[in-house]
Amino acid sequence: MIIDLGNLEGSLQFDFSVTADELDLGTGDFRLLSDAKAAGEVLKHIAQTDVVGTINADAEFDCTRCLSPVRQDFVVAFDVAYITEIPEAATAEIEPGDLDTDLLADESLDLKEVVREQILLNLPEQIFCKEDCRGLCQKCGANRNLINCICEEKEIDPRWSALKNLK
Ligand SMILES: [Zn+2]
Ligand SMILES: [Zn+2]
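Residues numbered from 1 in each chain as written. Chains lettered and ligands numbered in written order. Predicted model: local features only at pLDDT ≥ 70, side-chain atom pairs only at ≥ 80, totals over all residues. Heavy atoms only, no water.

Draft legend 1. Seen up close, the overall build of the protein. Within the protein one finds 4 helices and 8 strands. The N-to-C order of helical and strand elements in the protein reads β-β-α-β-β-β-β-α-β-β-α-α. Here the protein holds 167 residues, and the buried ones make up 31% of them. A separation threshold of at least 6 residues defines the contact pool for the protein, and within that pool the share at least 24 residues apart is 58%. (Helix = DSSP H or I, 4+ residues; strand = E, 2+ residues; numbered from the N terminus. Buried < 20%, exposed > 50% of the residue type's maximum accessible area, 1.4 Å probe, protein only. Contact = heavy atoms within 4.5 Å.)

Rendered as structure tokens:
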């Protein structure tokens with residue numbers, strides 16, 4: 001999966017799978033349940049190399065509110081440009097931190113690393129097990145989709161008893 005750009009003429013199609021272990025994503029609230037399948041094309045131009053493709057995986061996320069596992073088809077479509085050396089004239093145009101252009105240290109491009117990077121860049125910020133997930137109780141930590149804990153009622157209780165005392 002390491003492409004030698006120095007010897008690449010024109011373009012190269014790719015279609016491969018990487019296991020979750022190989023990717024070693026190391027994110028606690030996200031797990032790959034299958035291999036990540038990547039397919040696309042490496043296109044070599046004069047000054048830059050484009051990698052265009054899609055990644056498909058069966059993934060499991062933790063619900064942002066209640067932390068229950070949520071299974072989802074995770075699909076990432078990407079289009080990244082890599083440059084091996086910055087031509088003098090172009091230096092001024094390329095801002096450091098330009099999101100769509102990555103600078104390669106040498107002429108080799110590791111597609112597994114591209115897949116790893118694209119998965120991490122495209123992880124959803126929020127995932128909910130259902131639209132109206134009630135989340136965890138702030139007081140006792142109970143999953144409020146499953147248990148109707150009485151923490152909120154307890155909070156109201158003193159006021160009710162105060163009213164009762166007035167009678
Ligand atoms: Zn939830
Ligand atoms: Zn509670």
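Draft legend 2. Representation of the coordination of the zinc ion (ligand 1). Looking at the zinc ion (ligand 1), the protein donor atoms are Cys63 (SG), Cys66 (SG), Cys129 (SG) and Cys133 (SG), and they sit 2.3 Å from it. Considering all 4 donor atoms around the zinc ion (ligand 1), angles at the metal cover 107 to 116° and the coordination shape is tetrahedral. Donor residues binding the zinc ion (ligand 1) come from one chain and are separated in sequence as C-x2-C-x62-C-x3-C. We classify Cys133 as buried; its relative accessible area is 6%. (Donors = N, O, S within 2.8 Å, 3.2 Å for Na, K, Ca; no water. Tetrahedral: all angles 85-135°; square planar, octahedral: opposite > 155°, others 65-115°.)

Draft legend 3. View of unusual backbone geometry. We note that Asp24 has phi near 45°; this positive angle belongs to a residue other than glycine. Relative to the helices and strands, Asp24 is located in the loop between α1 (20-23) and β3 (30-32).

Draft legend 4. Region of the structure containing the pattern of salt bridges. Enumeration according to the criterion identifies 3 salt bridges in this entry. Here Arg31 makes a salt bridge to Glu60, at a shortest N to O gap of 2.9 Å. Here Arg31, found in strand β3, pairs with Glu60, found in strand β5 (residues 49-62); they are 29 residues apart in sequence, far enough to count as distant. You can call Glu60 buried: its relative accessible area is 19%. Arg31 is the salt-bridge partner of Asp62, the closest N and O atoms lying 2.7 Å from each other. Here Arg31 lies in strand β3 and Asp62 lies in strand β5, a separation of 31 residues in the sequence. Where salt bridges share partners, they join Arg31, Glu60 and Asp62 into one cluster. (Salt bridge = Lys/Arg side-chain N within 4 Å of Asp/Glu carboxyl O.)

Draft legend 5. Fine view of the packing of aromatic side chains. Applying the stated criterion across every chain, the model contains 4 aromatic pairs. With centroids separated by 5.9 Å and ring planes inclined at 45°, the aromatic side chains of Phe14 and Phe16 adopt a geometry described as tilted. For Phe14, a relative accessible area of 8% gives the class buried. Looking at Phe16, the relative accessible area reads 13%, which means it is buried. For the pair Phe30 and Phe61, a centre-to-centre distance of 5.1 Å together with 40° between the ring planes defines the contact as tilted. (Phe/Tyr/Trp six-rings, centres within 6.5 Å; stacked < 30°, edge-to-face > 60°.)

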